[in-house]
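Descriptive structure summary
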Amino acid sequence: MGSDVWVGPWRPHRPRGPIAALYRGPGPKYLLPPNIGYTLHDPSRPRAPAFSLGARLPPPRTFCGPGPSHLVPARMTVRGPDGSPAYSIHGRPRPAAPLLTPGPGRYFPERAGNATYPSAPRHSIAPRNWGAHAEQQTPGPATYTVPSLLGPRVVGKVSAPTYSIYGRSAVGSFCEDLSKTPGPCAYHVVSPAIYKPRAPQFSMLARTSPPRDNSLNPGPAAYSVDQHRKPRGWSFGIRHSDYLARVLTDADD
């Protein structure tokens, strides 16, 4: 490099204070959340929608014809039902009832009168409103009840305060007969055990008799003192049994 190239006023020198480049860090040891993908995405960065590619599904099978359970009638064709005539056998219908029409001899034209032959107009005098009005069902004036304007139950109006005058009460007045007041004996004394802690209570019963034997024991008259019993005697018998064998010793020889 020639000395004619100008490199600026900066020259290499020792820094005046500590800078971050002079300190050695742990390096790429810490794992930061990525900004791509959907799982473990950096929550401080916007995340785009993610899509996944799946396998292609097989096309659905479509059946164009009916199954074995579809029964086509025998007389059904491609263009509709067969048009050949069909006959069925039915029972003989019942004869119809005869017509009860009147014959020519049942008519009397001569009695028709003015309904058949022309005649002059005739008029009759009748009441003016005869047959025009039926029985009137309209309620009369006494049917309606006009609400009262007195008292506390006035409809649609503000009612004034009402007062009522009662008779003089016989209780607590000067004319009360105090001789009919119940005396002290008319009131029942309330037991203190109802509104205070109740003390233990004991009851006294009759003395119970000891259990006795109900068997029928003989009394004094059942014994006979005058009759002396014969004293018991003794008899000499066999010392040993007859069936017991004798013991032989040397002295017997």
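Computed from a predicted structure; not experimentally measured.

Cut-offs applied
- Residues numbered from 1 in each chain as written.
- Predicted model: local features only at pLDDT ≥ 70, side-chain atom pairs only at ≥ 80, totals over all residues.
- Heavy atoms only, no water.
- pLDDT = per-residue confidence, 0-100.
- Helix = DSSP H or I, 4+ residues; strand = E, 2+ residues; numbered from the N terminus.
- Phe/Tyr/Trp six-rings, centres within 6.5 Å; stacked < 30°, edge-to-face > 60°.
- Lys NZ or Arg CZ within 6 Å of the ring centre and 35° of its normal.
- Buried < 20%, exposed > 50% of the residue type's maximum accessible area, 1.4 Å probe, protein only.
- Patch = residues over 30% accessible without salt bridge, like charges linked within 9 Å, V, L, I, M, F, W, Y side chains within 5 Å.
- Areas by Shrake-Rupley, 256 points an atom, 1.4 Å probe, with all protein chains shown as cover.
- Salt bridge = Lys/Arg side-chain N within 4 Å of Asp/Glu carboxyl O.

Regarding the confidence of the model for the protein
- Taken over all residues, the pLDDT of the protein has a mean of 77, while the share at 70 or more is 81%.
- Per-element confidence in the protein ranges from a low mean pLDDT of 83 for strand β2 (residues 80-81) to a high of 87 for helix α1 (residues 192-195).

Details of the packing of aromatic side chains
- Applying the stated rule across the entire model yields 0 aromatic pairs.
- In this structure, Arg 47 is placed above the aromatic ring of Tyr 38, and the distance from its NZ or CZ to the ring centre is 4.2 Å.
- Geometry around Phe 108 places Arg 111 over its ring, the cationic atom sitting 4.4 Å from the centre.

Describing unusual backbone geometry
- Phi is positive for Leu 40, which is not a glycine, with a value near 55°.
- Mapping Leu 40 onto the fold places it in the segment before β1 (76-77).
- You can call Leu 40 exposed: its relative accessible area is 69%.

Details of a nonpolar patch on the surface
- A cluster of nonpolar side chains, namely Ile 19, Leu 22 and Tyr 23, defines an oily patch on the protein surface of about 340 Å² accessible area.
- In this fold, Ile 19 is placed in the segment before β1.
- In this structure Ile 19 comes out as partly exposed when scored by relative accessible area, which is 41%.

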